[in-house]
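Each chain, letter by letter, is given below.
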Amino acid sequence: MRANFWIKAWGEGNIGFHQADIHPALQKYWPELEAGASVLVPLCGKSRDLLWLEERGLDVIGIEFVESAVLDFFCENDLTWNKSVQYGHPCYRAHERNIRLFVTDFIQFAKDYDGQPIASLYDRAALVALPEDMRADYVSACKKLLNTSPQGLLITMEYDQAAMEGPPFSVAVAEVERHWEGKLKLVEQADILSSMPRAVASGVQRLDEYVWVF
Ligand SMILES: C[S@@+](CC[C@H](N)C(=O)[O-])C[C@H]1O[C@@H](n2cnc3c(N)ncnc32)[C@H](O)[C@@H]1O
């Protein structure tokens, strides 16, 4: 979706995607990585999963283009921060945690990034936040930032797109496999319709969440 859509959603507090709890797939499937390894969290919002990843000893790099979301993340988690510029993009770094959040467009960030290849990816509600015509560029940007055999998790969902407008968008299993060219293994599929009131109200009959491991 375009920036204006998300600026409006955050401004109106229309952020049903935000979860108070850590995503259960992290506890179950996140790989053991060496301390200090980097993790890319594209389209991170103010996800509390950033904290969980940092508590694993990881160097967390989030990208989110709505500044108020990033400021909410720091304030709601009692963190202080300083602002600088890295790779040509505004970087908000927590003082108390090894978390950097870049307030910028993810695709442009990937083009400009000239740091070390990033070791892992955590994508929850990022690929599925984007309409079909933006998803190939998004995955290419991830690949540009990551090392050649990244680790991590991707969480997607699939439902009858005719019954409800995205985001979140339904992304078919075959599309995920096409984008990621055999790098991912599907480890879990669960019907989460009851946790999505908008989908229930729209008449969606079934909505499955898929957990993929690199
Ligand atoms: C559905 S939310 C998911 C947030 C987070 N991953 C979570 O699980 O709570 C998608 C987020 O991506 C941000 N976003 C969308 N497109 C973006 C882009 N091109 N660059 C940076 N952030 C983007 C939106 O502002 C929004 O906060």
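Residues numbered from 1 in each chain as written. Predicted model: local features only at pLDDT ≥ 70, side-chain atom pairs only at ≥ 80, totals over all residues. Heavy atoms only, no water.

Engineer: What am I meant to see in the overall build of the chain here?
Structural biologist: Counting its regular elements, the chain contains 8 helices and 9 strands. Seen through its C-alpha atoms, the chain measures out along the principal axes to roughly 45 × 40 × 30 Å. Within the chain, buried positions represent 50% of all 214 residues. For the chain, the computed accessible surface area is about 10,300 Å², with 49% contributed by carbon and sulfur atoms. (Helix = DSSP H or I, 4+ residues; strand = E, 2+ residues; numbered from the N terminus. Buried < 20%, exposed > 50% of the residue type's maximum accessible area, 1.4 Å probe, protein only. Areas by Shrake-Rupley, 256 points an atom, 1.4 Å probe, with all protein chains shown as cover.)

Engineer: I tried to follow helix H4 (residues 67–76) on my own but got confused; where do I start?
Structural biologist: An α-helix turns once every 3.6 residues. As a result, residues three or four positions apart point the same way. For H4, every residue scored as buried is listed here: Ala69, Val70, Phe73 and Phe74. Projected onto a plane normal to the axis of H4, the buried residues spread over an arc of 135 degrees and lie on a single side. Of the surrounding secondary structure, the elements contacted by the buried residues of H4 are helix H1 (3–11), helix H3 (49–55), strand S3 (81–86), strand S4 (89–94) and strand S5 (99–102). Two residues or fewer after H4 comes Asp78, characterised by a positive phi angle close to 55 degrees. (Arc of directions from axis to C-beta. Contact = heavy atoms within 4.5 Å.)

Engineer: Would you explain the nonpolar core in this entry?
Structural biologist: Generally speaking, a soluble globular protein has its nonpolar side chains buried in company with each other. By size, the foremost hydrophobic cluster in this structure holds 38 residues, and its most contacted members are Leu40, Phe106, Tyr138, Leu145, Val176, Trp180 and Leu207. For this core, the secondary-structure elements that each account for two or more residues are strand S2 (59–63), helix H5 (106–112), strand S6 (118–124), helix H6 (132–145), strand S7 (146–159), helix H7 (173–180) and strand S9 (207–213). Excluding its chain neighbours within four sequence positions, the residues that come into contact with Leu145 are Leu40, Phe106, Phe109, Ala110, Tyr113, Gln116, Pro117 and Ile118. Ranked by size, the runner-up nonpolar core spans 28 residues in total, among them Ala37, Leu50, Phe74 and Ile155. (Core = buried A, V, L, I, M, F, W, Y, C linked by side-chain atoms within 4.5 Å.)

Engineer: Is there a simple way to explain the sheet that holds strand S8 (residues 185–191) in this structure?
Structural biologist: Hydrogen bonding along the main chain pairs the strands of a sheet, whether they run parallel or antiparallel. Taking strand neighbours across the sheet as the criterion, the 9 strands line up as S3-S4-S5-S2-S1-S6-S7-S9-S8 in an open arrangement whose pairing is mixed. The two strands at the open ends of the sheet, each matched to only one other strand, are S3 and S8. Neighbouring strand axes in the sheet, compared pairwise and without regard to direction, differ in orientation by 20 degrees on average. In this sheet, S9 lies alongside S8 in antiparallel orientation, the contact comprising 6 bridges. Its bridge partner being in S9, Glu188 is matched across the sheet by Val211. (Pairing = 2+ DSSP bridges. Axes fitted to C-alpha atoms, helices over the stretch in contact; angles between N-to-C directions.)

Engineer: Would you explain the site of the ligand in this entry?
Structural biologist: Around the ligand, 16 residues are found, and the nearest of them are Trp10, Leu43, Glu64, Asp105 and Arg124. Backbone polar atom of Phe65 to a nitrogen atom of the ligand: 3.1 Å apart, as the coordinates give it. For the ligand, the protein covers 96% of the area, taking 600 Å² as the surface of the free molecule. A breakdown of the residues in the shell around the ligand according to their chemical character gives 10 nonpolar, 3 polar and 3 charged. (Near = heavy atom within 4 Å. Polar contact = N/O pair within 3.5 Å; in protein donor to acceptor, adjacent residues only side chain to side chain. Nonpolar A, V, L, I, M, F, W, Y, C, P; charged D, E, K, R; others polar.)

Engineer: What is the right way to read the packing of H6 against H7 from this model?
Structural biologist: Two numbers describe a pair of packed helices, the interaxial angle and the distance between the axes. Between H6 and H7, whose axes approach to 10 Å, the crossing angle comes to 40 degrees. One finds that H6 runs oblique with respect to H7. At the point where H6 passes H7, the crossing takes the right-handed sense. Facing H6, whose interface residues are Glu132, Arg135, Ala136, Val139, Cys142 and Lys143, H7 presents Glu175, His179 and Trp180. Class assignment of the residues belonging to the contact of H6 with H7 gives a composition of 4 nonpolar, 1 polar and 4 charged. (Parallel < 35°, antiparallel > 145°, perpendicular 65-115°, else oblique. Left-handed = near helix turned anticlockwise from the far one by under 90°.)

Engineer: Please explain the environment of Leu193 as it appears in this structure.
Structural biologist: As for its placement among the helices and strands, Leu193 is situated in the loop between S8 and helix H8 (197–202). Relative accessible area serves as the criterion here: at 13%, Leu193 is assigned to the buried category. A C-alpha to C-alpha distance of 8.9 Å links Leu193 and Glu209, two positions 16 residues apart in sequence. Those residues within four positions of Leu193 in sequence are excluded, and the remaining contacts are Ala199, Val200, Val204, Gln205, Arg206 and Leu207.

Read these as geometric descriptors, not functional statements.
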